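This is what each chain is made of:
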Amino acid sequence: MSVPLAVVAADSQLSLEENRKRTDQRLKRPRVYEKIQAFFRDMADGVISPILRLKTNKSLCNLQCQHCCEEPYMERDLIARTGKPDPRRQMDLADYADLSRQADEYGIFRFVLTGGEAMLDKNFEPLVAALNPDRHLIILDTNGWHFDEKKVNWFASLGGYKAQISLDSYYEAEHDAFRNRKGSYKKAMRSIEATKRGGMELLISTCIVKGRVFSREFQELVDFCDANEIPLYVTLAKPVGSAREHDEWICTKEDVDRLKELEDRHNVFTHMTPSYGMPGRCITVKGINTINHDGEVVPCPYMDLSIGNLNDLPLAEILGRGMRNKWLGPYRDECIIGEHPEFIKFHNDVVSKHLDTNPLLPVPYEDGFGLTGQI
């Protein structure tokens, strides 16, 4: 599903801030601007240009958060469970350069570097170069521990576009307890301040569990973001990763409704927030795909089922397969991994059965979607 690349100027629905960013990309990254214009022109016809979220470096991380969806992918977790490192072939710089080429041809314009903690990747600089920051917006997802003023300026000099910094409580003691490391709050706040001073695009990301959205702490975080003109991206705890056995963390309809109220009055958003005249919808395949360090493409950051491996199939073919899937392709007004009981059961049953005989995630297409008649 390639995207036509004619440039159009249909910006009437955009905010002044978004228009500023758009104009800036036209000057700094004309190819990115071209792809953005093509996408917003054609998205109503079903054209997609999802974020590609890259988990590099075997998801190495310096923290150990309480409800981390990434822990089962980390080398430290695998060695603790099996006594052996990950035996799968890892993507290298040549693979990422080829992915960049395929993404550009498809009309994709955003990469997110994540982990674990992406700043721990010793190949970070050549990786950014391989992804071609002239043709893609490169976004860093970080806990802020290593992202000080020097690193902010360094990332910007490489062509980095935005930093997404995690802050899981506005209260220092709570954040440090969640991260299981004292000092992580101060590092995150230093990182936020450094990013603002460096003039780089910035958002704060936070994860809510049941009830947090009604707390005084969460309102103070919203107020902080308002006062500092920082968008607040909110994710909801999902029954995956280290939260798989903690149903008590899963948000209710009351939590979601309260969050929607805050969205109406503040710069608070989730992946389901309506934008650009389009309704809020599930992001599977259409909005974001996670690419594991072994090349498996997962259609949501909170799922453990692959729709294909880049070592076996082209990106366009994998995304096309995902769009034909009865769960993933349709435009839904619900988060299926967070709100759809039937899909949650299907997902978790398949993952549990897989883990009985194979400790490696995600579940390959052939052993998950492909065997259960979901496509």
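Above: the structure in question.
Residues numbered from 1 in each chain as written. Predicted model: local features only at pLDDT ≥ 70, side-chain atom pairs only at ≥ 80, totals over all residues. Heavy atoms only, no water.

Where helix α7 (residues 172–179) contacts helix α8 (residues 184–197), the axes come no closer than 8 Å and their chain directions differ by 105°. On the basis of the axis angle, α7 is roughly perpendicular to α8. Contacts from Glu172, His175, Asp176 and Arg179 of α7 reach α8 at Ser184, Tyr185, Lys186 and Ala188. The residue inventory of the contact of α7 with α8, partitioned by class, reads two nonpolar, two polar and four charged. (Axes fitted to C-alpha atoms, helices over the stretch in contact; angles between N-to-C directions. Helix = DSSP H or I, 4+ residues; strand = E, 2+ residues; numbered from the N terminus. Parallel < 35°, antiparallel > 145°, perpendicular 65-115°, else oblique. Contact = heavy atoms within 4.5 Å. Nonpolar A, V, L, I, M, F, W, Y, C, P; charged D, E, K, R; others polar.)

Okay, α8 next. Along its 14 residues, α8 runs 20 Å from first to last C-alpha, staying within 8% of the 20 Å computed at 1.5 Å per residue. Listing the buried residues of α8 in full gives Ser184, Tyr185, Ala188, Met189, Ser191, Ile192, Ala194 and Thr195. Turning to α8, the residues buried within the fold contact α6 (149–157), β4 (162–166), α7, β5 (201–208) and α9 (216–227). (Expected span 1.5 Å × (residues − 1). Buried < 20%, exposed > 50% of the residue type's maximum accessible area, 1.4 Å probe, protein only.)

In strand β8 (residues 288–291), alternate side chains face the same way, and those of Ile288 and Thr290 on one face and Asn289 and Ile291 on the other are all buried. Here strand β1 (residues 51–55) pairs with β8 via four bridges, running parallel. Each bridged residue has a counterpart across the sheet, and for Leu52 the counterpart in β8 is Asn289. Inspection of the sheet shows β8 paired to strand β9 (residues 296–298) by two bridges, in the antiparallel sense. (Pairing = 2+ DSSP bridges.)

Here we take up the side chain of Thr284. The residue Thr284 is located in the loop between β7 (268–269) and β8 in this model. The class for Thr284 is buried, based on a relative accessible area of 0%. From its side chain, Thr284 meets the backbone oxygen of Leu328 in a polar contact 3.0 Å long. Discounting residues that sit within four places of it in the chain, Thr284 has contacts with Pro299, Cys300, Met303, Leu328 and Ile336. (Polar contact = N/O pair within 3.5 Å; in protein donor to acceptor, adjacent residues only side chain to side chain.)

Another aspect to go through is the sheet that holds β8. Across the sheet, 10 strands lie side by side as β7-β6-β5-β4-β3-β2-β1-β8-β9-β10; this open sheet has mixed pairing. In this open sheet, the two edge strands, each paired with only one partner strand, are β7 and β10 (308–309). Where β4 and β5 come together, five bridges link them in parallel fashion. Looking across to β5, one finds that Ile165 is bridged to Ile204. Most of the contacts of helix α4 (residues 93–106) go to β1, to which it runs at about 170°, and overall it touches β1, β2 (110–114) and β8.

What follows concerns the packing of aromatic side chains. Within this structure, the stated rule accounts for 11 aromatic pairs. When the ring of Phe124 is compared with that of Trp154, the centres are 5.4 Å apart and the planes differ by 35°; the resulting orientation is tilted. Of this pair, Phe124 sits in helix α5 (residues 124–131) while Trp154 is found in helix α6, placing the two residues 30 residues apart along the sequence. Where Trp327 meets Phe346, the ring centres are 6.4 Å apart and the plane angle is 15°; that geometry is what we call stacked. Placement of the pair is Trp327 in the loop between α11 (315–324) and α12 (336–339) and Phe346 in helix α13 (residues 341–357), with a sequence separation of 19 residues. Three or more aromatic residues joined by ring pairs make a cluster, and in this case those are Phe124, Phe147, Trp154 and Phe155. The cationic tip of Lys55 hangs over the ring face of Tyr73; the distance from NZ or CZ to the ring centre is 3.4 Å. (Phe/Tyr/Trp six-rings, centres within 6.5 Å; stacked < 30°, edge-to-face > 60°. Lys NZ or Arg CZ within 6 Å of the ring centre and 35° of its normal.)

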